[in-house]
Amino acid sequence: KVIETIPIDTVWDVGLDSDSWIDEYIRNMIELKNIDYNVIQRGDVIRIDNQSYIQFLLPINESKNEISSLTIRLVNGSNSILFIDQLTNADFKLLINDGEVIKSDVLKMTYPKQIPNNFNEFIQTVNAKMTIITGARRNKNSPTPKELNGMLGSELFFTDSIGAVWLFSDGNNNFEVKEWK
């Protein structure tokens, strides 16, 4: 109902074909309300203000069999957060090849189902000071929190045990962490 009640001027979408009733409803509302519609492409940047922007690093649909998750980097002044979800090995390789572009102060990720072969190289490239992991360990193949702590080498927050994590920064100073449940 958000699209019916809140004024929206632009919708950004990953552009995947879907025939679900909710997607059809949203497409109809976009057309009915004459809302600008944009499909996200790798490399797109949305400027928020003079020091803040969102950079889209994935999706990229090179393979019909594997669809990339949305991966974004939020930059505020000299601070940045890299948001990743369940990525494929090919996604990790592509991001590693981006080099400095993915370097971020904070890595926000879902709890990995398993560790891909190139995960350590990815972590070294990102070089985050802090990692926030959402979700919980789901199966015996998932790394333990202790194993993740050893791999990540950064301050680690698990939202399944501490609740939400709020990061504050003026863009010049390091992130200040505030937690709440």
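Shown above is the structure to which this text applies.
Now for a description of the structure that goes with this document. Values in this document were obtained by computation on a predicted structure and should not be read as measured data.

Thoughts on the packing of helix 3 (residues 89-97) against helix 4 (residues 119-126)
In step 1: Where helix 3 contacts helix 4, the axes come no closer than 9 Å and their chain directions differ by 35 degrees. Our pair here, helix 3 against helix 4, has a crossing hand that is left-handed. Across from Phe-92, Leu-95 and Ile-96 in helix 3, the residues of helix 4 making contact are Phe-119, Glu-121, Phe-122 and Thr-125.
In step 2: In the contact of helix 3 with helix 4, the residues fall into five nonpolar, one polar and one charged.

Comments concerning the side chain of Ser-104
In step 1: Relative to the helices and strands, Ser-104 is located in the loop between helix 3 and strand 7 (106-110).
In step 2: One polar contact links Ser-104 to Arg-73, side chain to side chain, over a distance of 3.3 Å.
In step 3: Excluding its chain neighbours within four sequence positions, the residues that come into contact with Ser-104 are Arg-73, Ser-80, Ile-81, Leu-82, Val-126, Asn-127, Ala-128 and Lys-129.

Quick notes on the pairing of strand 8 (residues 130-134)
In step 1: In terms of burial, strand 8 is a largely internal element, four of the five residues being buried.
In step 2: Handedness of the crossover joining strand 7 and strand 8 through helix 4 is recorded here as right-handed.
In step 3: Relative to strand 9 (residues 155-158), strand 8 runs parallel, the two being bridged by four bridges. When the sheet's bridge partners are listed, Ile-133 is paired in strand 9 with Phe-158.
In step 4: Considered for its hand, the β-α-β crossover made up of strand 8, helix 5 (residues 145-152) and strand 9 is right-handed.

Considerations on helix 2 (residues 21-32)
In step 1: If you check helix 2, its first and last C-alpha atoms are 16 Å apart, about what twelve residues at 1.5 Å a residue would give, namely 16 Å.
In step 2: Directly after helix 2, the chain includes Asn-34, whose backbone phi takes a positive value near 55 degrees.

Quick look at a nonpolar patch on the surface
In step 1: A grouping of Trp-21, Ile-22 and Ile-26 is seen on the molecular surface, where their side chains present a nonpolar patch of about 330 Å² in accessible area.
In step 2: Tracing the backbone through its elements, the reader meets Ile-26 in helix 2.
In step 3: The partly exposed category is assigned to Ile-26, whose relative accessible area is 32%.

Here's the deal with the nonpolar core
Side chains that are nonpolar tend, in soluble globular proteins, to be buried together.
In step 1: Grouped together as the largest cluster of nonpolar side chains are 22 residues, with contacts concentrated most on Leu-82, Ile-84, Leu-107, Phe-122 and Ile-133.
In step 2: Listed by contribution, the elements that provide at least two residues to this core are strand 4 (52-58), helix 3, strand 7, helix 4, helix 5 and strand 9.
In step 3: Here this core takes four residues from helix 4, the largest share from any one element.
In step 4: With residues near it in sequence (within four places) discarded, Ile-84 still touches Thr-71, Phe-92, Leu-107, Lys-108, Met-109, Thr-110 and Phe-122.
In step 5: Ile-81, Val-106, Ile-132 and Val-165 belong to the second-largest nonpolar core, a separate cluster that totals eight residues.

As for the packing of aromatic side chains
In step 1: Under the criterion given, the structure shown has six aromatic pairs.
In step 2: Ring centres of Phe-92 and Phe-122 lie 4.8 Å apart, and the angle between their planes is 75 degrees; on these two criteria the pair is classed as edge-to-face. Here Phe-122 lies in helix 4 and Phe-92 lies in helix 3, a separation of 30 residues in the sequence. For the pair shown, Phe-92 and Phe-122 are each scored as buried.
In step 3: Taken together, the aromatic side chains of Phe-92, Phe-119 and Phe-122 make up a single cluster linked through ring pairs.

A word on the sheet that holds strand 7
Pairing between sheet strands relies on hydrogen bonds along the backbone, with the strands arranged either parallel or antiparallel.
In step 1: Strand order in the open sheet made by the seven strands is 3-4-5-6-7-8-9, with mixed pairing throughout. In this open sheet, the two edge strands, each paired with only one partner strand, are strand 3 (45-47) and strand 9. The average undirected angle you get between the axes of adjacent strands in this sheet is 15 degrees.
In step 2: With six bridges joining them, strand 4 and strand 5 (residues 71-76) adopt antiparallel strand pairing. Looking across to strand 5, one finds that Gln-55 is bridged to Arg-73.
In step 3: Strand contacts of helix 5: strand 8 and strand 9, with the helix running at about 145 degrees to strand 9, the strand carrying the most contacts.

Conventions used here
- Residues numbered from 1 in each chain as written.
- Predicted model: local features only at pLDDT ≥ 70, side-chain atom pairs only at ≥ 80, totals over all residues.
- Heavy atoms only, no water.
- Axes fitted to C-alpha atoms, helices over the stretch in contact; angles between N-to-C directions.
- Helix = DSSP H or I, 4+ residues; strand = E, 2+ residues; numbered from the N terminus.
- Left-handed = near helix turned anticlockwise from the far one by under 90°.
- Contact = heavy atoms within 4.5 Å.
- Nonpolar A, V, L, I, M, F, W, Y, C, P; charged D, E, K, R; others polar.
- Polar contact = N/O pair within 3.5 Å; in protein donor to acceptor, adjacent residues only side chain to side chain.
- Buried < 20%, exposed > 50% of the residue type's maximum accessible area, 1.4 Å probe, protein only.
- Right-handed = clockwise from strand over helix to strand, strands pointing away.
- Pairing = 2+ DSSP bridges.
- Expected span 1.5 Å × (residues − 1).
- Patch = residues over 30% accessible without salt bridge, like charges linked within 9 Å, V, L, I, M, F, W, Y side chains within 5 Å.
- Areas by Shrake-Rupley, 256 points an atom, 1.4 Å probe, with all protein chains shown as cover.
- Salt bridge = Lys/Arg side-chain N within 4 Å of Asp/Glu carboxyl O.
- Core = buried A, V, L, I, M, F, W, Y, C linked by side-chain atoms within 4.5 Å.
- Phe/Tyr/Trp six-rings, centres within 6.5 Å; stacked < 30°, edge-to-face > 60°.

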